[in-house]
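Examining the three-dimensional arrangement
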Amino acid sequence: MKGIILAGGSGSRLYPLTKVTSKQLLPIYDKPMIYYPMSVLMNAGIRDILIISTPADTPRFERLLGDGHQFGLNLTYKVQQSPDGLAQAFIIGEDFIGDDTVAMVLGDNIFSGHGFNEKLKAAVENAEGGKGATIFGYYVDDPERFGIVEFDKDGRVVSIEEKPEKPKSNYCVTGLYFYDNRAVEYAKALTPSARGELEITDLNRRYLDAGELNVELLGQGFTWLDTGTHESLVDATNFVKTVEQHQHRKIGCLEEIAYLNGWISRDEVMAVYETMKQNQYGQYLKDVLDGKYQEHLY
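These remarks concern the structure in this document. (Residues numbered from 1 in each chain as written. Predicted model: local features only at pLDDT ≥ 70, side-chain atom pairs only at ≥ 80, totals over all residues. Heavy atoms only, no water.)

Here we come to the overall build of the protein. Tallying secondary structure elements over the protein gives 11 helices and 13 strands in all. If one aligns the C-alpha atoms of the protein with their principal axes, the spans along those axes are about 50 × 45 × 40 Å. Expressed as a percentage of its 298 residues, the buried residues of the protein come to 51%. A separation threshold of at least 6 residues defines the contact pool for the protein, and within that pool the share at least 24 residues apart is 73%. (Helix = DSSP H or I, 4+ residues; strand = E, 2+ residues; numbered from the N terminus. Buried < 20%, exposed > 50% of the residue type's maximum accessible area, 1.4 Å probe, protein only. Contact = heavy atoms within 4.5 Å.)

So this is what it looks like as structure tokens:
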């Protein structure tokens, strides 16, 4: 499976912060924002990742992340000339995707929760097994701002509506999507919406109409953050800081994920530690290498 991180947009809601840099390069506690969605794809086992951004910001991501070898990844980059909709990413990434399945995550989304990796791997298996698409639903208090999923009395999905005036539920579609290879052709067949964009909701509806859309709800114990406002940036930083300090494990530490996946060596992590050993991020990497943390007891 291939992965796409869509990190475009003007970030105008975050002015003046984003007048000189991309929103997805802003710090969320101790990491650039893009580390968090990248960690989602890595936890799903995806190593070939395309980053799509604006003409001005793409070189900044390249300077930060390079070709991805330091994380055991193969990173490539493409430009979205204008923000013409989330589904446009599959058209921009057509050559990158090729004949493969594809996952896309938005560059300003943060996910956390016990058991999330298992949900990710199940979504990969669904797409690779020819079972269509998987998206993730999350309860919100302001459903008018999102794509909203409607369920029947038996819990089956019956509709998805983009930013409805009268929402039919409080469950929104988060910025994480897994598709089989048909996503490319479906995206190319979409008609721009009234706001001139190729809507991801219309792409998801295509799978829904075919009976091939799986909606996985992120319920109690999961956190999803969409960091599009000044307030949500602060909330995200406070959340990550609190979780990391109380659970003593990092969210979105790319070197840790790559090392535990066997994608990079101990020596490669040590090299990163040497450049960061004067801060808590570097010390955390050393603790990971020293086997300080146990996931299972036998």
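Once that is clear, we can look at the pairing of strand β4 (residues 48–53). For β4, the buried fraction is high: 5 of the 6 residues fall into the buried class. Two elements, strand β1 (residues 2–6) and β4, share 4 bridges in a ladder whose sense is parallel. Note on β4: the bridge partner recorded for Ile4 is Leu50. Strand direction decides the pairing type here: β4 and strand β5 (residues 74–79), joined by 6 bridges, are parallel. Pairing of Ser53 across the sheet is with Val79, part of β5. One crossover worth recording links β4 to the parallel β5 by way of helix α2 (residues 58–65), and it is right-handed. (Pairing = 2+ DSSP bridges. Right-handed = clockwise from strand over helix to strand, strands pointing away.)

For a regular strand, the rule is simple: side chains alternate between the two faces of the sheet. Counting buried positions over the 7 residues of strand β8 (residues 133–139) gives 6, a clear majority of the element. Examined bridge by bridge, β8 and strand β11 (residues 171–179) share 5 bridges and lie antiparallel to one another. What sits directly across from Thr134, in β11, is Phe178.

So, about the pattern of salt bridges. This structure, assessed with the given rule, holds 26 salt bridges. Its salt-bridge partner being Lys292, residue Asp287 comes within 3.7 Å of it at the nearest N-O pair. Residue classification places Lys292 among the exposed residues on the basis of a relative accessible area of 55%. One network of salt bridges, in which partners are shared, links Glu162, Lys163, Arg195, Glu197 and Glu199. (Salt bridge = Lys/Arg side-chain N within 4 Å of Asp/Glu carboxyl O.)

Okay, the packing of aromatic side chains next. Summed over all chains, the structure comprises 14 aromatic pairs. Between the aromatic rings of Phe136 and Phe178, the centroid separation amounts to 6.1 Å while the plane-to-plane angle is 70°, which identifies the pairing as edge-to-face. Residue Phe136 is located in strand β8, and its partner Phe178 is located in strand β11; the two are separated by 42 residues in the primary sequence. A residue is classified by how much of its surface remains accessible, and Phe178, at 0% relative accessible area, is buried. Ring centres 5.9 Å apart and planes at 90° place the aromatic pair Phe151 and Tyr171 in the edge-to-face group. Taken together, the positions of Phe151 in strand β9 (residues 147–151) and Tyr171 in strand β11 put the pair 20 residues apart, joining distant regions of the chain. Classification of Phe151 as partly exposed rests on a relative accessible area of 24%. The rings of Phe90, Tyr177, Tyr179, Tyr186 and Tyr207 are connected pair by pair, giving a single aromatic cluster. Stacked on the ring of Phe96, the Lys or Arg Lys2 has its end atom at 5.0 Å from the ring centre. The aromatic ring of Tyr15 is capped on one face by Lys19, whose charged end is 4.5 Å from the ring centroid. (Phe/Tyr/Trp six-rings, centres within 6.5 Å; stacked < 30°, edge-to-face > 60°. Lys NZ or Arg CZ within 6 Å of the ring centre and 35° of its normal.)

This brings us to the nonpolar core. Core analysis: the biggest nonpolar cluster contains 52 residues, and Met38, Ile51 and Phe178 have the highest contact counts within it. Those residues in contact with Ile51 that sit more than four places away from it in its chain are Ile5, Ile34, Met38, Phe61, Leu65, Leu75, Thr76, Tyr77 and Lys78. (Core = buried A, V, L, I, M, F, W, Y, C linked by side-chain atoms within 4.5 Å.)

Considering the arrangement of structural elements, one finds Tyr179 in strand β11. If we skip the residues at most four places from it in the chain, Tyr179 touches Met1, Phe90, Thr101, Val102, Ala127, Gly132, Ala133, Ile200, Leu203, Asn204 and Tyr207. Engagement of the side chain of Tyr179 in a polar contact is seen with the side chain of Asn204, the distance being 2.5 Å. (Polar contact = N/O pair within 3.5 Å; in protein donor to acceptor, adjacent residues only side chain to side chain.)

The next subject is the side chain of Ser112. Looking at the element boundaries, Ser112 is found in strand β7 (residues 109–113). Overall, the relative accessible area of 17% leaves Ser112 in the buried class.

Listed as buried for helix α10 (residues 266–276) are Val269, Val272 and Tyr273. Buried residues along α10 cover an arc of 105° about the axis, so they all sit on one side. When the buried face of α10 is taken as reference, the exposed residues oriented beyond 90 degrees from it are Asp267 and Thr275. Considering only its buried residues, α10 is in contact with α9 (254–260) and α11 (280–289). (Arc of directions from axis to C-beta.)

Within the element layout of this structure, Pro27 appears in strand β2 (residues 27–28). Once the C-alpha coordinates of Pro27 and Gln80 are considered, the two residues, 53 residues apart in sequence, prove to be 23 Å apart. Other than its neighbours up to four places away in sequence, Pro27 contacts Pro32 and Thr237.

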